[in-house]
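# Commentary on secondary and tertiary structure
Chain residues, written in single-letter form:
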Amino acid sequence: MIFSSLAFFVFIAVVGGLFAAFKGDRFRRALLLGASFVFYGWWDWRFLLLITGSSVWSWWWGDRVSRTADGPRRKLYLWIGLCGDLGSLAFFKYADFFVQSFAQAFGIEHLGALGITLPVGISFFTFQTMSYTIDLYRGRIARCDDLPKFLLFVSFFPQLVAGPIVRASEFLDQLDRPVRSSAAHVRAGAQLFLLGFVQKTLVADNLSVFVDPVFAEPALYDTATLWLGMFAYGGQIFCDFAGYSLMAIGVARVFGFHLPENFHTPYLSRSITEFWRRWHITLSSWLRDYLYIALGGNRQGPVRTDVNLLLTMLLGGLWHGAGWNFVLWGGAHGLALAVHRHWGVHPNHIARSSLLRQTAGWAATLVGVHLLWVPFRAADFGTTWTFLQGLLGDAGTVRWWPPRTVALLAALAGWHALHLLRPAWVRKLPAQDPLAWGPLTVLALLVLGLLMFAPLEASPFIYFQF
Amino acid sequence: MKAGRIALRLVAVAALCGLLGEAVARQWLTSPSAQMGDAELGWTWRPGATVANHKEGRARLHINARGLVDDELTPKGDRRRVIGLGNSFLEALQVDHAAQYPTLLEAALARPGQPGLDYVNAGRSAMGPPHYPLVAARLLDLQPDLWIVHLGEGDVLHLLGAQIQGGQVRPPPVAADRWKARVAPIIDRSALATYLMRRFKPLITRWLAPAGPAEPPLDDTTPQAAEVAVQRLTLILRELGDTAPVWVVHTPTLRYGVAGATEDLAPHEGRIYRAAAQAASARYVSAGPALVASYQRTGQPPVGFQNHTVGAGHLNAQGHQAVAEALQAPLRAWLEGRP
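Residues numbered from 1 in each chain as written. Chains lettered and ligands numbered in written order. Predicted model: local features only at pLDDT ≥ 70, side-chain atom pairs only at ≥ 80, totals over all residues. Heavy atoms only, no water.

A separate point is the overall build of chain B. Secondary structure assignment for chain B yields eleven helices and 15 strands. In terms of overall dimensions, chain B is globule-like: its C-alpha atoms have a radius of gyration of 22 Å, near the 20 Å expected for 339 residues. With respect to the principal axes defined by its C-alpha atoms, chain B has extents near 85 × 55 × 50 Å. Taking all 339 residues of chain B together, 51% fall into the buried category. Residue pairs at least 24 apart in sequence account for 71% of intrachain contacts in chain B once pairs closer than 6 positions are excluded. On chain B, roughly 16100 Å² of surface is accessible, and the fraction owed to carbon and sulfur atoms is 58%. Of the side chains in chain B, 34 bear a positive and 29 a negative charge, and the two mean positions are spaced by 9 Å. (Helix = DSSP H or I, 4+ residues; strand = E, 2+ residues; numbered from the N terminus. Rg over C-alpha atoms; globule rule 2.2 N^0.38 Å. Buried < 20%, exposed > 50% of the residue type's maximum accessible area, 1.4 Å probe, protein only. Contact = heavy atoms within 4.5 Å. Areas by Shrake-Rupley, 256 points an atom, 1.4 Å probe, with all protein chains shown as cover. Lys, Arg positive; Asp, Glu negative; His and termini not counted. Charge placed at Lys NZ, Arg CZ, Asp CG, Glu CD.)

This is the structure:
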């Protein structure tokens, strides 16, 4: 079920109506759990077994970990739990990739694809269950004795299929409190949802109309078109994913839950390190806390720190998709982070550097991040190479600069500039009465924009495939 | 806040947004509807209307007193008159009148002291060959010296879906449209309403009357389909030929690839049109070589628009130039009475 589809609006109306009609905490938790299963099963009910099995597995081994004081045995239980999580992820997401890569490397022609269906959101809920087991092992959270509550933490429908990646420490506490929603929650949630909906349908889906053909055959287009295509994809993936995250946060807020922020105007970053503090924040912090630090972080000397960074980002790239392009993308980001660690200004200190340096850092980061979106989006290495060559001048002849794409990118730039300047009226807008002139006009204009320009067929979110 | 004040505010904001939407629609999307129902042809243009299209290309076009996308017709005099019959490729709502190939041909073939050519553009979106005898019958008073039938993508499907009535090929009956009559007072005045109506109508129709299992699409590539299409097109061309000579101009659907390479995506269509033209003793002209040459010369596809899709869709100004080039020599020879 896609947030921008009619089916979802009917679904949320029914769930919201039942939530409002019945006040009991137990009923509301059961309602949200049932709704989450309906939401996930809508796509393919058979995979309800997978998410339930995965949750029960992690809950059970987490329970073992938390009840065991003995160090080696505790560690063994942790690894058994993690192996189960990683095993299902490896099977469903990477088995085909590894088999195909093996067959290609050794020239085995008869080894075909296994044809395994990738369960939607498996990368997200697996990371959530892993964080629970690891945090229990580290003693950072208390055990969750209530299995249905744990199931709701893993399958909570607003963030189930594409994040934000919520940790047990951020969510289980909220389930222990009374499940309450207020008019303020509903208003704030609806505003966030609408903003995300506009980002997704008005901006991302409209940009894809230009991006898809350009990335499908980059050799056809001239250099200027390819540069526009590259920046348009940057805008599309940001609005698609940040839009989804906002919608998820908004839906959760309507039911009285707080999900963590996932994007913080990443294209305003002045370094690659800052970018990763602002882009897909819940993933980058997850990778930092559960992978980079586990590998030793920066505690074992500069060389090992660089290797840890590279490894973390390589695996982060592979998390996005089972393909060598994602490995290349992650590896390049890891390399850039390592290089910046040695020569750049630390993000905590950059505000004190000169404006010229900040501007140069911003421009270099913006272009660098977008250049790396090319392998992320392109179908394969060949297409990536053709696209990058074209950006440098070895390009085709066809010029295509759709005015709508240019206008959307300009609007996106303006939106970022607004965030940078944060005038008083923008800051006040969310807190105002929605029936006041300002918010009402903005709301009406957004609705008009959706009516006039949003594609009518709901298209899936890019991050669903991860 | 009192309910009355809230209602007033809502109405004011809605009115403001409506006005803004109307301005945006007129500037960047379309004009108010200028269409009216016709029992035989379906939707036709209202004579004297002005039609603006900004969604695919940008053009503002005048509908003449005969309901055609053309200048007002003047007495034929000594001129030779060609009437072009075709679909949206000939109607060409995407480019200005001066850039359409009938206009380009009139200019190119004009000679000082000679009567010249009057090329009447009778193209209409969504029509196909079975409609053309009906259109032609309404234009006979213009005394055409030549019919030029413009054929392209999808016309074979029109032929396969046609009906045979008394040995003549005719389009299926026009379906009644209850919507249009109800909303006409609004959409005839508002570009925003027209745009929203066109946008949401398929969705609403689908909700109100969900389609059953989809019928498999007609396969127009089989030998049997080709045989039927050739027979029907031949009948149509012969029927037209009873009143004036007939030519067939074919605009093939090409894929414009890397480094000037092109590929005909529907070669079967060209074979069908050529065979029917031959059977009906009509001249066959393909615009394909001119379109390919144009692409290879400029590096830009002759179809598609910056504000829509480049390399697919209707002819752009360059494409109209190419079709005009393809027709120029044969028409000059015809004007001069050469074979």
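Right, let's get into the interface of chain B and chain A. Each partner contributes residues to the interface: chain B has 35 residues there, and chain A has 28 residues. Taking both partners together, chain B and chain A bury about 2500 Å²; carbon and sulfur atoms supply 67% of that area. The three residues of chain B that bury the most area against chain A are Arg9, Arg199 and Gln306 of chain B, which together make up 23% of that side's buried surface. Between the two partners, chain B and chain A, sit one salt bridge. Its salt-bridge partner being Arg255 of chain B, residue Glu217 of chain A comes within 2.7 Å of it at the nearest N-O pair. For the interface between chain B and chain A, the tally reads twelve residue pairs in polar contact (both at pLDDT 80 or more). Counting only elements with at least two residues in the side of chain B that touches chain A, the list comes to α1 (3-28), α7 (191-208) and β11 (254-256) of chain B. When grouped by side-chain class, the residues that make up the side of chain B that touches chain A number 23 nonpolar, eight polar and four charged. (Buried area = accessible area lost by both parts, 1.4 Å probe. Salt bridge = Lys/Arg side-chain N within 4 Å of Asp/Glu carboxyl O. Polar contact = N/O pair within 3.5 Å; in protein donor to acceptor, adjacent residues only side chain to side chain. Nonpolar A, V, L, I, M, F, W, Y, C, P; charged D, E, K, R; others polar.)

Residue and element names in this part refer to chain B. Read across the sheet, five strands follow the order β6-β5-β7-β10-β13 without closing on themselves; strand pairing throughout is parallel. Here the strands that pair on one side only, and so sit at the sheet edges, are β6 (117-121) and β13 (283-286). In this sheet, adjacent strand axes meet at a mean angle of 25° when their direction is disregarded. Helix α3 (residues 101-108) rests against β6 and β7 (146-151) of the sheet, and its axis sits at about 175° to β6. (Pairing = 2+ DSSP bridges. Axes fitted to C-alpha atoms, helices over the stretch in contact; angles between N-to-C directions.)

Attention shifts here to the side chain of His416 of chain A. Here His416 of chain A is to be found in helix α16 (residues 403-421). Ignoring any residue separated from it by four or fewer positions in sequence, one finds His416 of chain A in contact with Phe238, Thr265, Tyr267 and Leu268 of chain A.

So, on to helix α9 (residues 223-254) of chain A. Residue and element names in this part refer to chain A. Compared with the 46 Å implied by 1.5 Å per residue over 32 residues, the 46 Å span of α9 between its first and last C-alpha is a close match. Burial of α9 is extensive: 27 of the 32 residues sit out of reach of the surface. Following α9 by one or two positions, Gly256 adopts a phi angle in the positive range, close to 90°. (Expected span 1.5 Å × (residues − 1).)

Next up on the list: empty space enclosed by the protein. Residue and element names in this part refer to chain B. For the coordinates displayed, the defined rule picks out one cavity of 30 Å³ or more. Of the pockets and cavities examined, the largest cavity occupies roughly 30 Å³. Along the walls of the largest cavity sit Asp70, His97, Pro102, Thr103, Glu106, Tyr119 and Asn121, which together make up its complete lining. At the level of secondary structure, the elements contributing two or more residues to the lining of the largest cavity comprise α3 and β6. With three residues, α3 is the largest single contributor of residues to the lining of the largest cavity. (1 Å grid on protein atoms, 1.4 Å probe; cavity = no way out; pocket = protein on both sides within 12 Å on 5 of 7 lines; lining within 4 Å. Points joined across faces, edges and corners; volume = space filled by probe spheres on them.)

All names here are of chain A. Along its sequence, chain A is organised into domain 1 (6-180) and domain 2 (185-271 + 345-453). On a C-alpha basis, the centres of domain 1 and domain 2 stand 29 Å from each other. Listed by partner, the interface residues are 24 residues for domain 1 and 17 residues for domain 2. Of the roughly 1500 Å² buried where domain 1 meets domain 2, counting both sides, 77% is carbon and sulfur surface. Looking at the side of domain 1 facing domain 2, the largest losses of area belong to Pro158, Pro164 and Gln174, adding up to 33% of the total buried there. Between the two partners, domain 1 and domain 2, sit zero salt bridges. At the level of elements, α1 (6-21) and α7 (168-176) are the ones that each hand at least two residues to the side of domain 1 that touches domain 2. In terms of residue count, the dominant contributor to the side of domain 1 that touches domain 2 is α1 (six residues). A class-by-class count of the residues in the side of domain 1 that touches domain 2 yields 18 nonpolar, four polar and two charged. (Domains from an automatic or database assignment.)

All names here are of chain A. Counting buried positions along helix α11 (residues 281-292) gives eleven out of twelve residues, so the element sits mostly inside the fold. Burial in α11 covers these residues: Ile281, Thr282, Leu283, Ser284, Ser285, Trp286, Leu287, Asp289, Tyr290, Leu291 and Tyr292. Contacts made by the buried residues of α11 are with α5 (122-137), α10 (272-278) and α12 (302-320).

We now examine the packing of α9 of chain A against helix α15 (residues 381-391) of chain A. Residue and element names in this part refer to chain A. Contact geometry of α9 with α15 gives a least axis separation of 8 Å together with a crossing angle of 120°. The orientation of α9 with respect to α15, classified from their angle, is oblique. α15 is crossed by α9, and the crossing has left-handed handedness. Judged by residue contacts, Thr223, Leu226, Trp227 and Met230 of α9 engage Phe387, Gly390 and Leu391 from α15. In terms of residue class, the contact of α9 with α15 is built from five nonpolar, two polar and no charged. (Parallel < 35°, antiparallel > 145°, perpendicular 65-115°, else oblique. Left-handed = near helix turned anticlockwise from the far one by under 90°.)

Residues Leu6, Val10, Val14, Leu18, Phe22 and Phe27 of chain A together with Trp207 of chain B make up a contiguous nonpolar surface patch of roughly 670 Å² in combined accessible area. Looking at the element boundaries, Val14 of chain A is found in helix α1. Owing to a relative accessible area of 49%, Val14 of chain A belongs among the partly exposed residues under this scheme. (Patch = residues over 30% accessible without salt bridge, like charges linked within 9 Å, V, L, I, M, F, W, Y side chains within 5 Å.)

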